Structures are given as structure tokens and as C-alpha cells.
Amino acid sequence: MEDSRIAAPIGVNLDRFINAKEQHFSYATGELSQLLRDIALAGKVVNREINKAGLINIAGAIGTQNIQGEDQQKLDVLSNIRFIRALTKGGEVCAIISEEDEKVIETGSDSAKYIVAIDPLDGSSNIDVNVSIGTIFSIYRRLSVVNSPITNEDVLQKGTEQIAAGYILYGSSTMLVYTTGNGVNGFTYEPSLGEYFLSHHNMKLPNEGKIYSINEGSYNSFEQPVKEYINYCREHKYSGRYIGSLVADFHRNLLKGGIYIYPKTTTSPNGKLRLMYECNCLAFIAEQAGGIATDGVHRIMEIQPKELHQRTPFFVGSKSMVEKAKSYY
Ligand code: AHM
Ligand code: MG
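Predicted model, so just to flag it, every value in this text is computed and none were measured.

**Q** Any details on the packing of helix H8 (residues 246-256) against helix H9 (residues 275-288)? Residues and values, ideally.
**A** Pairs of packed helices are described in terms of their axes, by the angle between the two and the distance that separates them. Their axes nearest at 12 Å, the elements H8 and H9 cross at an angle of 10 degrees. What the angle tells us is that H8 and H9 run roughly parallel. In this structure, H8 uses Leu246, Phe250 and Leu254 to contact H9, whose residues at the interface are Glu278, Leu282, Ile285 and Ala286. Among the residues forming the contact of H8 with H9, the class breakdown is six nonpolar, no polar and one charged.

See the structure below:
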């Protein structure tokens with residue numbers, strides 16, 4: 001009997017994969033690789049915390065609000081601490097933009113080259129009820145010279161300037177999906193070994209799909225073009241799938257083909273999602289996988305951010321579906 005039938009190979013782990021990729025860049029110094037490893041490690045810690053949330057007093061609201069006036073969950077705060085600590089101690093990051101912090105966090109690593117924008121735990125309304133949630137991150141290179149003060153230009157870069165982006169999905173299994181601008185790869189966490197293994201090589205978003213993901217309960221407050229597109233989806237018997245966790249909805253559509261929409265509404269004239277640490281990151285991944293991302297009119301990654309917590313309408317997913325939705329504008 002073949003060995004592989006008795007003991008299936010476990011495949012390539014994340015560290016080995018990152019190292020192999022690094023060797024393709026002659027100018028690579030290893031700092032970006034280390035930064036990705038730091039994020040992956042913090043993700044393991046958060047994963048551990050999420051998995052035992054029901055057993056320890058860690059679920060529920062903490063009684064504070066973030067800069068956006070949203071109730072913070074204990075796990076939001078805890079994840080923020082974990083990621084900021086990992087990024088600060090790692091030494092590769094000079095500044096962090098986080099959904100949970102009003103201002104830029106300067107790490108004190110003045111000679112570091114990288115800036116990270118992060119939503120440490122997205123999908124707050126799903127935290128308490130054991131539904132998938134996620135971490136979303138983007139990495140930029142600083143524009144100012146090292147050992148000088150961080151500038152507005154450093155932190156308000158367009159999505160096109162991302163050098164890496166990814167997400168960690170805490171779902172029925174935990175996955176890390178990332179791109180450095182050379183395709184998208186997905187790694188599944190094996191908890192008993194404590195390692196991520198390459199499980200989804202060179203991920204591609206199907207050009208066409210049959211899933212549309214939007215909070216249809218807000219239908220009456222959508223603009224006419226969005227209503228018309230929803231009607232088109234209904235008429236064509238597309239499946240409505242909406243978890244209400246951006247990472248989970250995006251990930252499903254990445255694998256199966258589909259469109260995710262968070263449009264402007266009468267109460268949220270710029271939509272709900274944040275450009276810098278939710279939309280740009282997923283836009284980069286979508287484009288690297290063959291999909292597209294728009295605010296209805298403009299390419300997401302070409303929007304010049306004017307403020308850290310800027311919101312934007314968001315349409316992302318399979319190319320032909322997003323183009324169809326855009327055609328109603
Ligand atoms: P959060 O950053 O406060 O968790 O909000 C973002 C989440 C997304 O994960 C999700 O797609 C969206 O909010 C759901 O919003 P709604 O409940 O309005 O449909
Ligand atoms: Mg969020």
C-alpha cells in the first residue's frame with residue numbers, strides 16, 4: 001500500500017510558504033515576512049480566545065463605544081489588544097490604524113518601514129451567537145523616511161499602494177487568506193498542531209456566480225440602482241446569502257462566486273463599511289483573485305482616503321456580477 005494512503009501528507013505550512021515566496025524578491029529583507037508571521041500568530045491567540053468565549057466571561061458588550069459610536073464587545077477590545085501588542089512588539093510596524101482606536105497608534109518603532117490598517121474583529125453582532133467573525137488587515141510601506149515623524153500621507157494611502165492584505169476567518173474552521181500582489185492563497189489552521197497549512201492555492205473568484213449578499217431588510221432605504229439590481233437577482237432566482245459578517249460573506253463568495261453589497265442607505269449616506277481597514281483589503285484580494293470592487297462608480301482601491309475611519313459604499317465579488325450591479329448606476 002502506498003504510504004500516502006496510510007498517512008496523508010499534511011502539506012506546506014504558512015512559515016515555509018512565506019519563506020519560499022520571500023526568496024522570489026531579490027530586495028526582500030524578511031521584515032514583511034516577519035510581519036505576516038506576527039499577524040498569523042496574533043490570529044492564533046484570538047482564535048483560542050474566541051473558541052472558549054462561551055466558557056469564560058468574555059462574550060457580550062463591554063459597556064464602551066468605539067470612535068464610530070458602536071458598542072464595543074469584549075472580544076473586539078481583546079482582539080485589538082492582541083493585534084496591537086503583536087504589531088508593536090514585532091518591530092516592523094511604525095504606525096497602526098485600527099477600527100477600535102480614534103487616532104493613529106504610533107508603535108515607537110521609528111525605524112520600521114510598514115503601516116498596518118486593521119479591523120481586529122469584524123462582525124461584532126455575530127460575536128455573541130457563535131457565528132463566524134474575522135480579522136481584516138492591510139499593509140502599506142511608509143512614504144516618509146525612517147526615523148522621522150509619521151505623516152498624513154503615510155497613513156492615508158490609496159488601496160492601490162497596499163503591499164499585502166489579508167483576513168483571518170474564525171469560522172467552522174479558522175483560515176488565513178492573504179495576498180502580496182501575486183495571487184491569493186488560503187491556509188487552514190490545524191489546532192492540534194498549532195499551524196496554518198496551505199489548503200487553497202492560487203484562489204480564483206469565479207467570474208459569474210448566483211449568490212447575492214446584502215442586508216435586504218434595509219431594501220426601502222437603498223438607492224434606486226441597488227433596488228433594481230436586487231430585483232434582477234430575484235428575477236433570475238439567485239440565492240440570497242447574508243451572514244452579516246463581512247469576512248464570512250466575502251469568503252463564501254470568493255469560493256463559490258457571488259457579490260457582496262453594502263450600499264449607501266438613507267441613514268448611512270456613505271454606507272457602513274470603512275475604506276481603510278475593511279474595503280481596501282478585500283478589494284485587493286478580490287482583484288488578485290480575478291474579481292472587482294467598486295463603490296458603485298469608482299474602483300475602491302483608487303479612492304483617496306481623507307480620514308482614517310472614512311466609510312464607503314461597497315460592491316465586491318465576481319467580475320460579471322459587480323459589473324452588472326454597476327450598470328444600474
Ligand atoms: P463591525 O465592524 O461593527 O463589525 O461592522 C461591520 C459588519 C460587517 O461584518 C457586516 O458585513 C456588516 O457590518 C453588517 O451590517 P448590517 O447589520 O447593517 O447588515
Ligand atoms: Mg468592522
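**Q** How would you summarise the domain arrangement of the chain if you had to cite specific residues and measurements?
**A** Looking at the chain, the domain boundaries give domain 1 (10-200) and domain 2 (211-327). Contact with domain 1, which involves 49 residues of that partner, is made by 33 residues of domain 2. Taking both partners together, domain 1 and domain 2 bury about 3,000 Å²; carbon and sulfur atoms supply 64% of that area. The three residues of domain 1 that bury the most area against domain 2 are Ile136, Leu156 and Tyr167, which together make up 21% of that side's buried surface. Counting every contact that joins domain 1 to domain 2 gives one salt bridge. Between Arg274 and Glu99 there is a salt bridge, with its nearest N and O atoms 3.5 Å apart. Here domain 1 is connected to domain 2 by 14 residue pairs in polar contact (both at pLDDT 80 or more).

What counts, and where the lines are drawn
- Residues numbered from 1 in each chain as written.
- Chains lettered and ligands numbered in written order.
- Predicted model: local features only at pLDDT ≥ 70, side-chain atom pairs only at ≥ 80, totals over all residues.
- Heavy atoms only, no water.
- Axes fitted to C-alpha atoms, helices over the stretch in contact; angles between N-to-C directions.
- Helix = DSSP H or I, 4+ residues; strand = E, 2+ residues; numbered from the N terminus.
- Parallel < 35°, antiparallel > 145°, perpendicular 65-115°, else oblique.
- Contact = heavy atoms within 4.5 Å.
- Nonpolar A, V, L, I, M, F, W, Y, C, P; charged D, E, K, R; others polar.
- Domains from an automatic or database assignment.
- Buried area = accessible area lost by both parts, 1.4 Å probe.
- Salt bridge = Lys/Arg side-chain N within 4 Å of Asp/Glu carboxyl O.
- Polar contact = N/O pair within 3.5 Å; in protein donor to acceptor, adjacent residues only side chain to side chain.

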